[in-house]
Amino acid sequence: MDASSISTAALRNQPRLDIQRIQSELIDRTRELSSSRHADVGLELGSGTGRMISLRNEAMLLETLMRSNQTAQARLSLTQAGLGDIRENASDVLEALISLPPGFESAELIESQGLAALDRLADRLNASDGGSFVFSGINTSQPPFTRFQDGPSAAVEAAFLARFGIPVGDPGASAITAADMTDFLNNEFAALFDDPAWANEWSDASSTDIVSRIAVAERATTGTNANEQAIRTVAEGFAMIAGLGVSALSQDTRTALITEARLRLGQATSDLARLQSEIGFAQNAIERADERMSLARDLIAETVVEAEGADPAEAKVRVDLLTTQLEMSYALTGQIARLSILNFA
Amino acid sequence: MSLDVAANIARQSLIASQYQLSLSGRNVSAAADPDRARVAPTLATTIDGGIRVAGVRRAEDTAVYNRMVAATAAAAERDAVLSQMNVLAQSVGDPQNGTSIGAMIGELQSAVANYANAPDDPLFGRTVIERAHDIADKLNRVTSDMLLLREQADAEMARSVDEVNRLLVEFDAANDAVVQGTVRGTDITMELDRRDALVADIAQHLGVDVIRGENNDYALYTDGGVTLYEHGIRTVSFARTAVYTPGANGGQVFVDGLEVTGPDAPMPSRTGAIVGNAAVRDTIVPTFQLQMDEIARELTTIFADGTGSLFVNGGGPDFAGTIAVAADVDPAQGGTVENLRDGTGNPGGFAAFSDRLFALGDALTAVTTFDPQTELASNSRLTDFATESAGWVEAIRQTVTIQAETEQAILIQAQDALSRATGVNLDDEYAQQLMIERNFNASSRLIGIIDEMFETLLRIT
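Criteria and thresholds
- Residues numbered from 1 in each chain as written.
- Chains lettered and ligands numbered in written order.
- Predicted model: local features only at pLDDT ≥ 70, side-chain atom pairs only at ≥ 80, totals over all residues.
- Helix = DSSP H or I, 4+ residues; strand = E, 2+ residues; numbered from the N terminus.
- Rg over C-alpha atoms; globule rule 2.2 N^0.38 Å.
- Buried ≥ 20, exposed ≤ 12 C-beta atoms within 10 Å, placed from the backbone.
- Contact = placed C-beta atoms within 7 Å.
- Core = buried A, V, L, I, M, F, W, Y, C linked by C-beta atoms within 7 Å.
- Nonpolar A, V, L, I, M, F, W, Y, C, P; charged D, E, K, R; others polar.
- Pairing = 2+ DSSP bridges.
- Axes fitted to C-alpha atoms, helices over the stretch in contact; angles between N-to-C directions.
- pLDDT = per-residue confidence, 0-100.

K.L.:
Go over the overall build of chain A, please, and point to the residues and values.
P.N.:
Per the secondary structure count, chain A includes ten helices and four strands. What you see in chain A, going N to C, is helices and strands ordered as α-α-α-α-β-β-α-α-α-β-β-α-α-α. The C-alpha radius of gyration of chain A comes to 40 Å, more than 25% above the 20 Å expected for a compact globule of 345 residues. Principal-axis analysis of the C-alpha atoms places the extent of chain A at approximately 145 × 35 × 25 Å. A total of 345 residues make up chain A; the buried ones form 38% of that total. Long-range pairs, those at least 24 residues apart, make up 79% of the contacts in chain A with a sequence separation of at least 6.

K.L.:
Give me the overall build of chain B: which residues, what numbers.
P.N.:
The secondary structure content of chain B amounts to eleven helices and twelve strands. Relative to the globule expectation of 23 Å for 461 residues, the C-alpha radius of gyration of chain B, 36 Å, shows a markedly less compact shape. Looking at the 461 residues of chain B, the share that counts as buried comes to 46%. Long-range contacts, defined here as pairs at least 24 residues apart, represent 66% of the contacts in chain B between residues at least 6 apart.

K.L.:
Now, about the nonpolar core: what can you tell me, with residues and values included?
P.N.:
Core analysis: the biggest nonpolar cluster contains 182 residues, and V234(A), F238(A), L257(A) and L139(B) have the highest contact counts within it. If you tally residues by element for this core, the top one is helix α4 (residues 122-184) of chain B, at 20 residues. Filtering out sequence-adjacent residues up to four positions away, L139(B) remains in contact with I101(B), M292(B), I295(B), A296(B), A320(B) and I323(B).

K.L.:
Describe the interface of chain B and chain A, and please don't skip the residues or the numbers.
P.N.:
Contact with chain B, which involves 54 residues of that partner, is made by 44 residues of chain A. Put simply, the parts of the chain that give the side of chain B that touches chain A at least two residues each are α3 (101-117), α9 (355-364), α10 (382-422) and α11 (426-460) of chain B. Considered class by class, the residues forming the side of chain B that touches chain A number 25 nonpolar, 18 polar and eleven charged.

K.L.:
Can you break down the pairing of strand β1 (residues 39-45) of chain B residue by residue, with the values?
P.N.:
All names here are of chain B. Across seven bridges, the pairing between β1 and strand β2 (residues 51-58) is antiparallel. The residue bridging T42 from the neighbouring strand is G55, located in β2. In this antiparallel pair of consecutive strands, β1 and β2, the connection spans five residues, and G49 shows a positive phi of 95°.

K.L.:
Can you lay out the sheet that holds strand β6 (residues 236-238) of chain B for me, pointing to particular residues and giving the numbers?
P.N.:
Residues and elements named next belong to chain B. Read from one edge of the open sheet, three strands run β6-β7-β8, paired in antiparallel fashion. Taken across any chain shown, the strands that pair with only one partner, and hence form the sheet edges, are β6 and β8 (258-259). Pairing analysis gives three bridges linking β6 to strand β7 (residues 253-255), with the strands arranged antiparallel. Bridged to V236 within β7 is V255. Where α4 meets the sheet, it contacts β6 and β7, and its direction lies at approximately 160° from that of β6.

K.L.:
Summarise the sheet that holds strand β3 (residues 208-212) of chain B; cite the residues concerned and give the values.
P.N.:
Residue and element names in this part refer to chain B. If you trace the three strands from one edge of the open sheet to the other, you get β3-β4-β5, paired in antiparallel fashion. Bordering the open sheet on either side are β3 and β5 (227-229), each of which pairs with just one other strand. Looking at each pair of strands side by side, their axes are set apart by 35° on average, direction ignored. When strand β4 (residues 218-222) meets β5, the two strands line up antiparallel, connected through two bridges. Pairing of Y221 across the sheet is with T227, part of β5.

K.L.:
Please give an account of unusual backbone geometry that cites residues and values.
P.N.:
Cis peptide bonds are those with omega within 30 degrees of zero, and the linkage from D195(A) to P196(A) qualifies with 5°. Along the chain, the position of P196(A) falls in the loop between α6 (178-191) and α7 (197-202). Residue H231(B) is not a glycine yet carries a positive backbone phi of 50°. Looking at H231(B), the number of C-beta atoms within 10 Å reads 10, which means it is exposed. Positive phi outside glycine occurs at E375(B), with the angle close to 70°.

K.L.:
So what about the confidence of the model for chain B? Which residues, and what values?
P.N.:
Mean pLDDT over chain B works out to 91, with 100% of the residues at or above the 70 mark. Both scores are given for the predicted complex: the pTM is 0.85, the ipTM 0.84.

K.L.:
Any chance you could break down the environment of G114(A) for me, citing the residues and the numbers?
P.N.:
Residue and element names in this part refer to chain A. By the element assignment, G114 lies in helix α4 (residues 104-125). Classification of G114 as buried rests on a count of 24 C-beta atoms within 10 Å. As a C-alpha pair, G114 and G237 span 123 residues in sequence and 8.6 Å in three-dimensional space. Ignoring anything within four residues of it in the chain, the contact list for G114 reads V93, F238, I241 and A242.

K.L.:
An account of the environment of L43(A) is requested, with residue identities and associated values reported.
P.N.:
Residue and element names in this part refer to chain A. Structurally, L43 is set in helix α2 (residues 41-45). Note on L43: 17 C-beta atoms within 10 Å, which makes it partly exposed. When the C-alpha atoms of L43 and D290 are compared, they prove to be 35 Å apart, with 247 residues separating the residues in sequence.

K.L.:
Describe in detail the environment of V92(B), supporting the description with residues and values.
P.N.:
By the secondary structure assignment, V92(B) is in the loop between α2 (62-89) and α3. Under the C-beta neighbour-count criterion, V92(B) is labelled buried, with 27 such atoms within 10 Å. C-alpha of V92(B) to C-alpha of A76(B): the two residues are 16 residues apart in sequence and 25 Å apart in space. Apart from the residues within four sequence positions on either side, V92(B) is in contact with G42(A), T49(A), S100(B), A390(B), V393(B) and E394(B).

Written out as structure tokens, the structure reads:
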């Protein structure tokens, strides 16, 4: 059959098929115009779809880490403030000790100041952040520090009795020599602040610090605990003046004890400052990680939009073109239908 | 030449005109039926110089027709795959909506990371359990959906086989009529139309090649070369599997006792809806299911640690269908999220014990080994494996969509070409009818004139 032949069915069908095709494309382009995304992202990207899901997962992980970093930051700030206060507490007592005049009254005063300082220390160390105790290491469900009167004082008194054969505050204590006292403080008394006595009497904290995942592959210690040497030394210094009956001692022995306490508290303030700088380091690390992650997240969002996005300007042009085409097809269908020899014969 | 002869010629012309007009009328009535071909009389000169209708010629174009049959089968195969792929792709959904298993594992990963940074907050633990529930539900649902999809494909195959058998019976009758008509020399154009239409219908279900024999006899072969019809019907058989269970294999289609679908087919068919549905049922869906099973298996393994295991499953091969959240860690089933946090570690019972949760986060992104049959990277991280699975589905859908569109375009073009070659043009028919009418008028007038001449002659004598 020659190529010039055409059947009526073929003639009438042609615009109908075109109209179907144009209409289905028109729907897709209109959707792209309103959403600025491909009408069927999966179909458009094919095997790239997996990558889009993967990128979204990554972005979600970054969001999650940034959110949990806020919690870590809050805990670190609380820790930082707590350590600051403990340091201030220690320097206050230290100052009082340096300027302490000799005599019985001042000795009684410093004893009560020591007790108050221990209470303040317990209060600070037992601070909690929304139900979890910040100085407990990973044992966040337990308050880490026992108040002096609730146990440690008894242990101190027992150690005193064992060494000197008389209870704390007994008038006979005035017979204790300065050398004896210094020896007691550096041995039996100091042992109360080392393990296992420390864990039994003073602290319920875990020595393991909280570690946080601050970025996808970066972990940092984001907390401290009451078992740190600085805390032990502070407690030791405070307990010396609060729990050994300073007022009952002879002036010489008292001076020797105050000297030891000053040494401890001086050491403690510098240890605390170091601990504070460690916490500050973690705070910095989180800030930097957050910056990096928010940059990465923005980059991912951009990539996703670029890959999944449809150009609305292009879609608009297509819609206009398709509409014109569709109108022409309609017109053509009508014209072809009218085109019959019957109208002329 | 006598007046008798002239009258005879005019009479023959009248008869021929009537025949021509009746054929043209038949063409007009066939104009709307794409299966029907245009017919035209072949005229022959009689001994006395008149004309007679010697036969009926049907417009044919074997090459175009063969192309149309092949295109029909190819388009039907891709269409069958595409319609099933569209259902399968719903399990992936738009990446924006997070409905894919890859996205859900991403959410689990985030939830675990969140819990690891606040292990003393059981609410974060509950979020992990909820995400785990989502994943287990999704994997269970996908598994049952995939079984349903295989059942549907199987049912489609059964329907196609029934249809092919029915069409073959009709074809047999049409072919017999053609052969007998050819031998007797009668007008067989209607039977030819009918037979050609039946072949195209069969091609929808199973690709066929037509071999033309003596006396217009047709022999049909599948496009793989198995005899479908040769001087008689060959049976097409298929054992239906109404309900699929995980790991079950469906029956194959046999033609003339030979397998034409499946991996063991000696001469496999390549086109037609049967082939498309078989590919979905036996290759695409099982592969996707295997990916899901591998994900379920790996998830269970990664999160396994005594009472702290997050998932349990009923063992292979149906990992995805049986995966569930373990009771020990699920508050809704009487467990506690602390079990998940601690696993078999944390003897001190510390509230902020995070070692295991960190390890889980690491394990989710550690490279492990998957079944190489999944068609995905077998050494991959679970998170990547799961998202890649979505890419795998969409890649197939994309390819099949493009191929289906191409095949459809080829089919439309072939149908158009065939319609142009063999179809009816109404305007042309009407123009011819006018000519026939004029012819008829002239012949009638001639008879009148001859009659008058006889009258004159008779009156003179």
